[in-house]
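What follows is the residue order along each chain.
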Amino acid sequence: LTGNAGAAGAAGAAGAQGLQGLTGNAGAAGAAGAAGAQGLQGLTGNAGAAGPAGAQGPSGLLAFGYFYALMAGDNAATIAAAAAVGFPQNGAANGISRSGGTSVTEFTLPAIGVYEIFWQASVAEAGQLVLGLDSGAGVVEQAGTVAGRAGATTQIMNHVLVVTTAVNSLLSVRNPSGNATALTMTVSAGGTHAVSASLLIKQIQ
């Protein structure tokens, strides 16, 4: 018969370390940590090199012209109603010209835009002057430009803005149609020198 098991013997010496096992699968990513405190602001960097100069912009005035008349001789003895004042003398001009290059009463506004117009004339009687604008269908007197005087001691003048709707519109300064008075251009006033009538045109837009 098999006898009873004997008592356990003392533990033997540790065996040699076994081979390293295979790497296990990566675990799931942990939750993102809290944002850290903002760092100190860095030093200001050096200024960059200057860029190249841009192209020159357009002039504030797109076109201009100055024309005038000296009396006596530069206008007829009288300016009848619906007739235009002549400005046959040339001052400085760029882009504004006479109609056809020869007209003394009509001036070409070359582009659609806004024009600043100043004119003045000395006449010998009470009367009125108005701007006429011909956009291709005949002269239309501009009601908002009428200037006049009740006595015979001052110039007739005005300073207005005119908007054109067609290229090469023609501008004139006129004794308004329907007026009964023909205007006599003053030869001299306040002295011995011939006085001038003048027309200044500036395209501003």
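Keep in mind that what you see is a predicted model, and the values were worked out from it rather than measured.

> Explain the overall build of the chain here, please?
For the chain, the helix and strand inventory stands at zero helices and 11 strands. Counting from the amino terminus, the chain carries its helices and strands in the arrangement β-β-β-β-β-β-β-β-β-β-β. The C-alpha atoms of the chain give a radius of gyration of 47 Å, which is well past the 17 Å a tight globule of 205 residues would have. Along the first, second and third principal axes, the C-alpha atoms of the chain reach 165 × 40 × 35 Å. For the chain, with 205 residues in total, the buried portion stands at 30%. The long-range fraction of contacts in the chain, counting pairs at least 24 apart against all pairs at least 6 apart in sequence, stands at 73%. For the chain, the exposed surface amounts to about 12900 Å²; the carbon and sulfur share of it is 55%. When the 4 positive and 6 negative side-chain charges of the chain are each reduced to one mean point, those points stand 5 Å apart.

> When you look at the nonpolar core in this model, what are you seeing that I'm missing?
Grouped burial of nonpolar side chains is what soluble globular proteins tend to show. Membership of the largest hydrophobic core comes to 29 residues, with the highest contact counts inside it found for Ile-117, Trp-119 and Ile-201. Going through the elements one at a time, strand 1 (63-70), strand 4 (107-109), strand 5 (114-121), strand 6 (127-134), strand 9 (156-163), strand 10 (169-174) and strand 11 (196-203) are the ones with two or more residues in this core.

> Would you mind going over the environment of Val-85 with me for this structure?
Position of Val-85 relative to the elements: it lies in the loop between strand 1 and strand 2 (89-94). Note on Val-85: relative accessible area 1%, which makes it buried. As for Val-85 and Leu-183, which are separated by 98 residues in sequence, their C-alpha atoms are 9.5 Å apart. In contact with Val-85, other than residues within four places in its own chain, are Asn-75, Ile-79, Val-104, Thr-105, Leu-129, Val-173 and Met-185.

> I'm lost on the confidence of the model for the chain in this one. Help?
Predicted coordinates in areas of low pLDDT are best not read in detail. Here the chain averages 90 in pLDDT, while 98% of its residues score no lower than 70. The spread of mean pLDDT over the elements of the chain runs between strand 8 (residues 147-149), the lowest at 94, and strand 10, the highest at 98.

> When you look at the packing of aromatic side chains in this model, what are you seeing that I'm missing?
The description of two aromatic rings rests on the distance between their centres and on the angle between their planes. In this structure the tally under the stated criterion is three aromatic pairs. Site record: aromatic cluster; members linked through ring pairs are Phe-67, Phe-87 and Phe-107.

Criteria and cut-off values
- Residues numbered from 1 in each chain as written.
- Predicted model: local features only at pLDDT ≥ 70, side-chain atom pairs only at ≥ 80, totals over all residues.
- Heavy atoms only, no water.
- Helix = DSSP H or I, 4+ residues; strand = E, 2+ residues; numbered from the N terminus.
- Rg over C-alpha atoms; globule rule 2.2 N^0.38 Å.
- Buried < 20%, exposed > 50% of the residue type's maximum accessible area, 1.4 Å probe, protein only.
- Contact = heavy atoms within 4.5 Å.
- Areas by Shrake-Rupley, 256 points an atom, 1.4 Å probe, with all protein chains shown as cover.
- Lys, Arg positive; Asp, Glu negative; His and termini not counted.
- Charge placed at Lys NZ, Arg CZ, Asp CG, Glu CD.
- Core = buried A, V, L, I, M, F, W, Y, C linked by side-chain atoms within 4.5 Å.
- pLDDT = per-residue confidence, 0-100.
- Phe/Tyr/Trp six-rings, centres within 6.5 Å; stacked < 30°, edge-to-face > 60°.

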